[in-house]
Amino acid sequence: MRVSTAFNRMLRLPGAWVQDVAFSGEGVIVTVSLRRRAPVCSGCGTRGLEIKDRRVKRWRHLDLGSCRCFIECELRRLRCPDCGERPEAVQWARAGSPYTRDFEDLTAWLAQQMNKTQITRLLRIAWSSIGKIAERVVADHLDEGRLDGLVRLGVDEISYGADHRFLTCVADHEKGGVVWAAPGRNAATLQGFFDQLTEQRKSSIRAVSIDMSAGYEKAIKASVPDAQVAFDPFHVVQLGGRATDQVRRAEYNEHGRSATKHGTWIKGARYSLIKDPSNQTARQLATLAEVQQTNKRLYRAFLLLHELRWVYRVPRHQAREQLDAWLSWASRSKLTPFVKLARTIRKHKAGVLAAIELGLSNGRLEGLNSKIRLLSHRAYGFHSADALIAMIYLCCSGIQISLPHR
Ligand SMILES: [Zn+2]
C-alpha cells in the first residue's frame, strides 16, 4: 500500500486527499489537496468569489502514536464583500481555527470530563487554547431551542478571576442546565437575556428565582411581569450562615480574641455552628455540645440557623407557619445580625414562600452553582469572559460532543 493511501484511510479528512507525508522535528506533516473546485468563503459560505491569492495553512490534527500530526494545505484567499479577505472554507476545520475539527471535538469532550491541567498535558496544548477551542465548539453546538418553552428559571451571579469580576447565569429549573450567561451582575445584564427572547418565549416563563441580595428584580418585573419572583432557598440559608458567623466573630472579639483560651475556642467552633449537624464529624458535634454548655449567644445563633433550614424541610403546607415562628424568634433574639436578617426576610417573605410553593429544588440549583464555581476556579487564567462562558455552556448546558472515532 502506498503511504498516501494509508494516510488517507487513517486520517479520514473530509474533502481532502493526501499528497505527501513528511517527518520533521515537530512531528508528522501531511500535505493534502482539496477535492472541491469552487471555493467557498469560510466566513459566510458565499460561492463564486474573486480569488486574491493562495497561501499554505496548517492545522494540528490528532496525534499519531506519540507524534504530533499537522495537516498542511494550500488555500485560496477570497475577497468577500461581507467578510473582507478570507481563506476558503475546509470541511475538516472550523473557520479561523489552527486545529482540525476532530482535534477540537476531542479537546471539548475531554474538557467536559476532566481538569484543564490534565488536558494540557495529554494533548500538549496551551492553557488558553482550551478556552478558544471551547468557544468555537460551543458556537457550533449551542442549540437555539434551549430558549423554547422555559417555565421556571434560576438566575445567579458567579464571581471569577483574581479581580472578582462577575457573570450572570440563567438556569432552567426543569432541565437543570444553564441556558444563558453573560458578563455583569445587575438588572441591565439580565435585561440582555430577556431582550433576546421573543414575546412567545417570554410568555411561557412562570417563575424566576434569584438571590435576595442581587439586583435582578427590576429586569424581571420589566420583562416578564406575570412571572413570580422567588428567592432561592440556598441563598436564604447562606444568609443565615453569614449571620451566625457574625455572631461568632462578635463573641470572639468580646472574649479577648486569640489571646484567651475561650477566644481561641470560639474561633475553632465555626464549622460546628454553621455546618448542618447531620453532616458534622463527631468532633464537631462534641464542640457543638460545648457551645450549648458555655455560650448562650452562640448556641442561639446555631439554633436560629438550624431552624431557618427547617423552613425548607417541613411539609410544604407548614412552611408559612414555620417561617413566621422563625421571624418572630429572630426579631426577639437580641442578636443583631439575626434581627437584621429577620427584617430582610420579612420584607421579601412572599418571594421566600414562593420558592417553597413552586417546589424549586434546592439541591439541583446549588449543585449547578458549585459546578460553575469549580469551572470558574479552573478557568483561573482565562483572559476573557467569553472563554469561561463557553466552558460553562460546554459543561453545564447538555451539549453532546461526538468523539472523532464514532
Ligand atoms: Zn464571506
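None of these values were measured; they are calculated from a predicted model. (Residues numbered from 1 in each chain as written. Predicted model: local features only at pLDDT ≥ 70, side-chain atom pairs only at ≥ 80, totals over all residues. Heavy atoms only, no water.)

Draft legend 1. The arrangement of the domain arrangement of the protein in detail. The domain boundaries assigned to the protein delineate domain 1 (1–97), domain 2 (99–141), domain 3 (144–232 + 360–396) and domain 4 (233–357). For domain 2 and domain 4, the distance between their C-alpha centroids amounts to 43 Å. (Domains from an automatic or database assignment.)

Draft legend 2. Structural view of the pairing of strand β6 (residues 152–160). Of all nine residues in β6, eight are buried, a share of seventy percent or more. Following β6, the chain reverses through four residues before pairing antiparallel with strand β7 (residues 165–172); Gly161 in that reversal takes a positive phi of roughly 75°. (Buried < 20%, exposed > 50% of the residue type's maximum accessible area, 1.4 Å probe, protein only. Helix = DSSP H or I, 4+ residues; strand = E, 2+ residues; numbered from the N terminus. Pairing = 2+ DSSP bridges.)

Draft legend 3. Region of the structure containing the pairing of strand β9 (residues 207–210). Burial of the side chains of β9 extends over both faces: Ala207 and Ser209 are buried on one face and Val208 and Ile210 on the other. Looking at chain direction, β9 and strand β10 (residues 228–231) are connected through four bridges and run parallel. Each residue of the ladder has a partner; that of Ile210, found in β10, is Phe231. In terms of handedness, the path from β9 via helix α7 (residues 217–223) over to β10 forms a crossover that is right-handed. (Right-handed = clockwise from strand over helix to strand, strands pointing away.)

Draft legend 4. Expanded view of the layout of surface pockets. The computed volume of the largest pocket comes to approximately 390 Å³. Those elements that provide at least two residues to the lining of the largest pocket are α8 (233–254), α10 (270–274), α12 (296–310) and α16 (362–378). Among the elements that line the lining of the largest pocket, the one with the most residues is α8, at six residues. Per-class residue counts for the lining of the largest pocket are five nonpolar, five polar and six charged. Formed jointly, the lining of the largest pocket draws a minimum of three residues from each of two domains, domain 3 (144–232 + 360–396) and domain 4 (233–357). (1 Å grid on protein atoms, 1.4 Å probe; cavity = no way out; pocket = protein on both sides within 12 Å on 5 of 7 lines; lining within 4 Å. Points joined across faces, edges and corners; volume = space filled by probe spheres on them. Nonpolar A, V, L, I, M, F, W, Y, C, P; charged D, E, K, R; others polar.)

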